[in-house]
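Residue-level listing of the chains:
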Amino acid sequence: KLRTSTAPPLKLIDLPGLDQRIVDDSMIGEHAQHNDAILLVVVPASQASEISSSRALKIAKEYDPESTRTVGIISKIDQAAENPKSLAAVQALLSNQGPPKTTDIPWVALIGQSVSIASAQSGGSENSLETAWRAESESLKSILTGAPQSKLGRIALVDTLASQIRSRMKLRLPNILTGLQGKSQ
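Below is a short write-up of the structure. (Residues numbered from 1 in each chain as written. Predicted model: local features only at pLDDT ≥ 70, side-chain atom pairs only at ≥ 80, totals over all residues. Heavy atoms only, no water.)

### Details of the overall build of the chain
Which entries qualify depends on this criterion: The numbering of helices and of strands both runs from the N terminus, where a helix is a DSSP run of H or I of at least 4 residues and a strand a run of E of at least 2. When accessible area is computed with a 1.4 Å probe and restricted to protein chains, residues below 20% of their type maximum are described as buried, those above 50% as exposed, and intermediate ones as partly exposed. The contact definition used throughout considers only heavy atoms, calling two residues in contact when any of these lie within 4.5 Å. Surface exposure here means Shrake-Rupley accessible area, sampled with a 1.4 Å probe, where a residue is shielded only by the protein chains that are shown.
When its secondary structure is counted, the chain shows six helices and five strands. N-terminal to C-terminal, the α/β element order of the chain is β-β-α-β-α-β-α-β-α-α-α. Going through the 185 residues of the chain one by one, you find that 35% of them count as buried. Considering only intrachain contacts with a sequence separation of at least 6, the fraction spanning at least 24 residues in the chain is 72%. Total accessible area computed for the chain in this model is approximately 11,300 Å², and 54% of it derives from carbon and sulfur atoms.

Below, the structure written as structure tokens:
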């Protein structure tokens, strides 16, 4: 759980092994059915060309058909840098030109987590994490030339998640206010 005094708590639930069917469907439904849950479809860049067969994408579409609470994350871009087919599929997803089930999902590209964390830990300064995130964005720009910069790196991921949270709040706020008005009368 992430907590701050200026926002509601954010609970992150990772379901590793989703595509290998290690996680059972009842556990998935228990978390994904909540209207406030933001669904993250994470796919390694090396599998981006096969996104249409991703179980995570199918589940996200089942629980969020309009993709109003789904974010796509393409990870390990650095590991697929020498694979033109994978990079072309990543570029298509980032440009909303991927397979039909993917075009309404905001996608963000990330390099391998270990690379970003290692560079942050080696920095030693208070700004090392921010520096690592900026370095990640620069690295992604060099690998994914022509990709929208607003979809590259962890800074883009934070912005995308914040946008999804704001959108969810705007949708839910009228109902909350109506409920409060009814209780105050």
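### Structural notes on the packing of helix H1 (residues 25-32) against helix H2 (residues 55-63)
Test applied: Comment: axis = line fitted to C-alpha atoms, over the contacting stretch for helices; angle = value between 0 and 180 degrees taken between N-to-C directions. Working rule for angles: under 35 degrees goes down as roughly parallel, over 145 as roughly antiparallel, 65 to 115 as roughly perpendicular, anything else as oblique. Handedness of a helix crossing follows the sense of rotation of the near helix relative to the far helix, less than a right angle counterclockwise being left-handed and clockwise being right-handed. When residues are sorted by character, Ala, Val, Leu, Ile, Met, Phe, Trp, Tyr, Cys and Pro go into the nonpolar class, Asp, Glu, Lys and Arg into the charged class, and all the rest, Gly among them, into the polar class.
In contact at an axis separation of 11 Å, H1 and H2 are set at 50° when each is read in the N-to-C sense. What the angle tells us is that H1 and H2 run oblique. Relative to H2, the crossing made by H1 is right-handed. Contacts between H1 and H2 involve Asp 25, Ile 28, Gly 29 and Ala 32 from the first element and Arg 55, Ile 59 and Tyr 63 from the second. In the contact of H1 with H2, the residues fall into four nonpolar, one polar and two charged.

### Notes on the nonpolar core
What tends to happen in soluble globular proteins is that the nonpolar side chains get buried as a cluster. Our working rule: We call a set of buried Ala, Val, Leu, Ile, Met, Phe, Trp, Tyr and Cys residues a nonpolar core when their side-chain atoms join them within 4.5 Å.
Counting residues in hydrophobic clusters, the biggest one holds 30 residues, and the most contacted among them are Ile 74, Ile 77, Val 90, Leu 94, Trp 107 and Leu 144. Broken down by secondary-structure element, the contributors of at least two residues to this core are H1, strand S3 (39-44), H2, helix H3 (84-94) and strand S5 (107-109). Ranked by residues supplied to this core, first place goes to H3 with five residues. Contacts of Ile 74, omitting those with residues within four sequence positions, involve Val 43, Pro 44, Ala 45, Val 90, Leu 93, Leu 94, Trp 107, Val 108, Ala 109 and Leu 110. Listed in part, the six residues of the second largest apolar core include Val 71, Ile 73, Val 108 and Leu 157.

### Section: the sheet that holds S5
Note the following rule: One bridge is not enough; two strands pair if DSSP finds at least two bridges between them.
With respect to topology, three strands assemble into an open sheet ordered S3-S4-S5, the strand pairing being parallel. Each edge of the open sheet is held by one strand with a lone partner, namely S3 and S5. The sheet shows a mean angle of 20° between the axes of neighbouring strands, direction not considered. As paired elements, S3 and strand S4 (residues 70-75) share six bridges and run parallel to each other. Looking at the pairing, Leu 39 lines up with Thr 70 of S4. Where H2 meets the sheet, its contacts fall on S3 and S4, and the angle it forms with S3 comes to roughly 160°.

### Quick notes on the pairing of S4
This is how the line gets drawn: Crossovers are described as right-handed under a simple rule: with the strands pointing away from the observer, the path leading from the first strand over the helix to the second runs clockwise.
Extensive coverage of S4 is indicated by the burial of six of its six residues. Residues Thr 70, Gly 72 and Ile 74 point to one face of S4 and Val 71, Ile 73 and Ser 75 to the other, with burial holding for every one of them. Considered for its hand, the β-α-β crossover made up of S3, H2 and S4 is right-handed. Taken together, the three bridges between S4 and S5 define a ladder with parallel strand orientation. The residue of S5 that forms the bridge with Ile 73 is Val 108.

### Here's the deal with H2
The condition is simple: Any N or O atom pair separated by 3.5 Å or less is treated as a polar contact, with the protein-specific requirement of one donor-capable and one acceptor-capable atom, and with residues adjacent in sequence counted only for side-chain atom pairs.
Along H2, the residues that are buried comprise Arg 55, Ala 56, Leu 57, Ile 59, Ala 60 and Lys 61. On its buried side, H2 packs onto H1, S3 and S4. With a side-chain oxygen positioned 3.3 Å from the backbone nitrogen of Ala 56, the residue opening H2 is Ser 54.

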